[in-house]
Amino acid sequence: MAVHEIRIDPAKTLREEPGTGHNRWHPGIPPVVRCEPGDEVVMETRDAFDGQFGPSSTAEAVAAADLGIVHPLTGPVFVDGAEPGDLLEVEILDVAPDAFGFTAQAPGFGFLRDDFPEPYLVRWTIADGWATSDDLPGVRIPGAPFMGTIGLPPGPAALRRITAREQAALDAGGVVMPPSAAGAVPSDPEIAATGLRTVPPREQGGNVDIKQLTAGTSLFLPVDAPGALFSAGDAHFAQGDGEACGTAIEMRATLRVRFAVHKGEAREKGITSPRFSRTEYWTAPEYAAPRRFYATTGMPVSRDGGTVVSEDVTLAARNALHNMIDHLGERGWTRQQAYAICSVAVDLKISQLVDVPSVLVSAFLPLDIFSS
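Residues numbered from 1 in each chain as written. Predicted model: local features only at pLDDT ≥ 70, side-chain atom pairs only at ≥ 80, totals over all residues. Heavy atoms only, no water.

Trainee: How should the overall build of the protein chain be read in this particular structure?
Mentor: When helices and strands are tallied, the protein chain shows seven helices and 21 strands. Here the protein chain has a C-alpha radius of gyration of 20 Å; the compact-globule value for 372 residues is 21 Å, and the two agree. For the protein chain, the spread of C-alpha atoms along the principal axes amounts to about 55 × 45 × 40 Å. Summed over its atoms, the accessible surface of the protein chain is roughly 15600 Å², and 54% of this surface lies on carbon and sulfur atoms. Averaged over its 30 positive side-chain charges, the protein chain has a centre that lies 1 Å from the centre of its 48 negative ones. (Helix = DSSP H or I, 4+ residues; strand = E, 2+ residues; numbered from the N terminus. Rg over C-alpha atoms; globule rule 2.2 N^0.38 Å. Areas by Shrake-Rupley, 256 points an atom, 1.4 Å probe, with all protein chains shown as cover. Lys, Arg positive; Asp, Glu negative; His and termini not counted. Charge placed at Lys NZ, Arg CZ, Asp CG, Glu CD.)

Below, the structure written as structure tokens:
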């Protein structure tokens with residue numbers, strides 16, 4: 001077994017060190033390293049905003065942030081023998097966190113973006129498995145580090161298909177970030193103009209934000225380009241279900257993975273989206289399912305109570321979060337502080353899915369994150 005490394009200079013942006021990674025998905029991006037199945041790869045990664053925020057940053061920096069450079073990824077890694085139709089197994093061996101993290105509320109971004117139009121920033125200190133912040137005094141978040149963006153590029157045909165469907169969604173009024181050369185790495189004109197943005201998850205993974213992808217989890221991705229071309233970035237120290245404000249506790253990190261190639265398995269089994277598994281708790285059980293909690297609920301009913309939207313889980317989840325934000329306000333937090341707490345610590349669970357016309361979503365607040 002060999003060990004391969006991709007190291008970065010944390011003082012430089014991806015644009016200043018383009019040989020280490022990319023911020024678009026495209027099958028034409030050349031690999032940084034090659035490895036054999038069974039090899040380990042160590043990858044240093046940048047934070048989701050590529051170093052735009054630091055310990056002394058303020059909300060004004062969030063308002064001025066360049067979203068065109070989100071997310072800087074480290075890679076690609078070419079896995080010898082991986083071909084379209086195979087299933088790539090990514091065994092996550094370790095995610096080592098940095099000492100600084102942040103949670104940003106960017107205007108126009110996040111699940112409740114229409115209700116939170118002002119920028120906001122929480123700056124975290126990460127040490128001894130916990131994150132604390134002077135911006136949220138009395139809150140201590142236990143760590144469960146994982147990569148928010150992790151995956152492979154689509155092949156050429158899928159690239160065209162995905163581009164067309166996302167343009168159709170944009171034309172219909174959806175929230176979509178279409179291909180853009182502004183801020184693109186690599187700067188090759190063809191790749192910059194047609195590469196997919198990293199914001200959504202797709203068939204080969206990407207910005208999945210699956211908080212169970214901690215060390216010990218195996219991620220399975222359908223391969224659509226020769227060599228698979230694995231990349232990762234956008235590390236999170238901790239995250240609540242849904243990453244409500246659009247960011248978790250964002251940080252730089254060092255990822256260590258090992259690959260296996262299951263020949264033809266994606267094609268034979270019709271696997272067209274990521275899968276993952278593990279054989280033990282993904283974090284300490286008391287944090288995966290908190291012993292002490294306070295929960296609010298939400299139904300697909302307008303806030304004024306006058307309209308029900310049948311079986312709308314999204315509206316129910318919004319209401320559950322709004323009700324949790326109201327509860328945190330009762331505990332003394334501002335609305336933006338409460339929104340940040342929801343994004344990094346609150347879990348959303350579907351409590352009822354089958355009763356027509358309503359559904360029910362519950363938001364769980366772990367009480368052990370509070371010092372008093």
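Additional details are given in the paragraphs that follow.
Trainee: How should the sheet that holds strand E17 (residues 253-262) be read in this particular structure?
Mentor: In any sheet, the strands associate via hydrogen bonds between backbone groups, in a parallel or an antiparallel arrangement. Across the sheet, which stays open at both edges, the six strands sit in the order E1-E4-E17-E6-E14-E18 with mixed pairing between neighbours. Strands with a single pairing partner mark the edges of an open sheet, and in this sheet they are strand E1 (3-6) and strand E18 (275-277). Taken pair by pair, the neighbouring strands of this sheet meet at an average axis angle of 25°, ignoring direction. Here strand E6 (residues 87-97) runs beside strand E14 (residues 218-222); their pairing, made up of five bridges, is antiparallel. Along E14, the bridge assignment pairs Val90 with Leu219. (Pairing = 2+ DSSP bridges. Axes fitted to C-alpha atoms, helices over the stretch in contact; angles between N-to-C directions.)

Trainee: How should the sheet that holds strand E20 (residues 347-352) be read in this particular structure?
Mentor: The strand order E19-E21-E20 describes an open sheet built from three strands, whose pairing is antiparallel. Bordering the open sheet on either side are strand E19 (293-298) and E20, each of which pairs with just one other strand. Shown here is a sheet whose adjacent strand axes are inclined to one another by a mean of 30°, direction ignored. In the packing of helix H6 (residues 313-330) onto the sheet, contacts are made with E19, E20 and strand E21 (360-366), and the angle to E19 comes to roughly 135°. (Contact = heavy atoms within 4.5 Å.)

Trainee: How do you make sense of the environment of Phe237 when you look at a structure like this?
Mentor: Tracing the backbone shows Phe237 in the loop between strand E15 (228-236) and strand E16 (250-251). The buried category is assigned to Phe237, whose relative accessible area is 2%. Distance in space between the C-alpha atoms of Phe237 and Met147 is 8.8 Å, their sequence separation being 90 residues. Look past the residues within four positions of Phe237 in its chain and what remains in contact with it is Pro97, Ile126, Gly129, Trp130, Ala131, Ile141, Pro142, Gly143, Ala144, Pro145, Ile249 and Met251. (Buried < 20%, exposed > 50% of the residue type's maximum accessible area, 1.4 Å probe, protein only.)

Trainee: So what exactly am I meant to see when it comes to the nonpolar core here?
Mentor: A general tendency of soluble globular proteins is for nonpolar side chains to be buried together. Val77, Leu88, Ile141, Phe230 and Phe259 are the most contacted members of the largest nonpolar core, which has 70 residues in total. Once you skip the residues sitting within four places of it in the chain, Val77 turns out to touch Ile6, Val33, Cys35, Val41, Met43, Gly227, Leu229, Phe230 and Phe259. Counting eleven residues, the second-largest nonpolar core is a separate cluster that includes Ala48, Phe49, Ala65 and Ala106. (Core = buried A, V, L, I, M, F, W, Y, C linked by side-chain atoms within 4.5 Å.)

Trainee: Help me out: how do you make sense of helix H2 (residues 156-171) in this one?
Mentor: In an α-helix there are 3.6 residues to a turn, and that puts residues three or four apart on one side. Over its 16 residues, H2 extends 23 Å from the first C-alpha to the last, a length consistent with the 22 Å expected when each residue adds 1.5 Å. When H2 is considered as a whole, its buried residues turn out to be Ala158, Leu159, Ile162 and Glu166. Buried residues of H2, seen end-on, are gathered within an arc of 100° and therefore sit on one face of the element. Relative to its buried face, H2 has exposed residues pointing more than 90 degrees away, namely Pro156, Arg160 and Asp171. Packing partners of the buried residues in H2 comprise helix H3 (189-194) and strand E12 (201-202). Where H2 terminates, the next one or two residues include Gly173, which has phi positive at roughly 100°. (Expected span 1.5 Å × (residues − 1). Arc of directions from axis to C-beta.)

Trainee: Would you mind going over the packing of H6 against helix H7 (residues 335-345) with me for this structure?
Mentor: Any two packed helices are characterised by the angle at which their axes cross and by the distance between the axes. Axis separation between H6 and H7 bottoms out at 9 Å; the angle between their running directions is 125°. When the axes of H6 and H7 are compared, the pair comes out oblique. The two elements H6 and H7 cross, and the hand of that crossing is right-handed. Along the contact surface, H6 presents Leu321, His322, Met324, Ile325, Asp326 and Leu328, while H7 presents Arg335, Ala338, Tyr339, Ile341 and Cys342. Classifying every residue of the contact of H6 with H7 gives eight nonpolar, one polar and two charged. (Parallel < 35°, antiparallel > 145°, perpendicular 65-115°, else oblique. Left-handed = near helix turned anticlockwise from the far one by under 90°. Nonpolar A, V, L, I, M, F, W, Y, C, P; charged D, E, K, R; others polar.)

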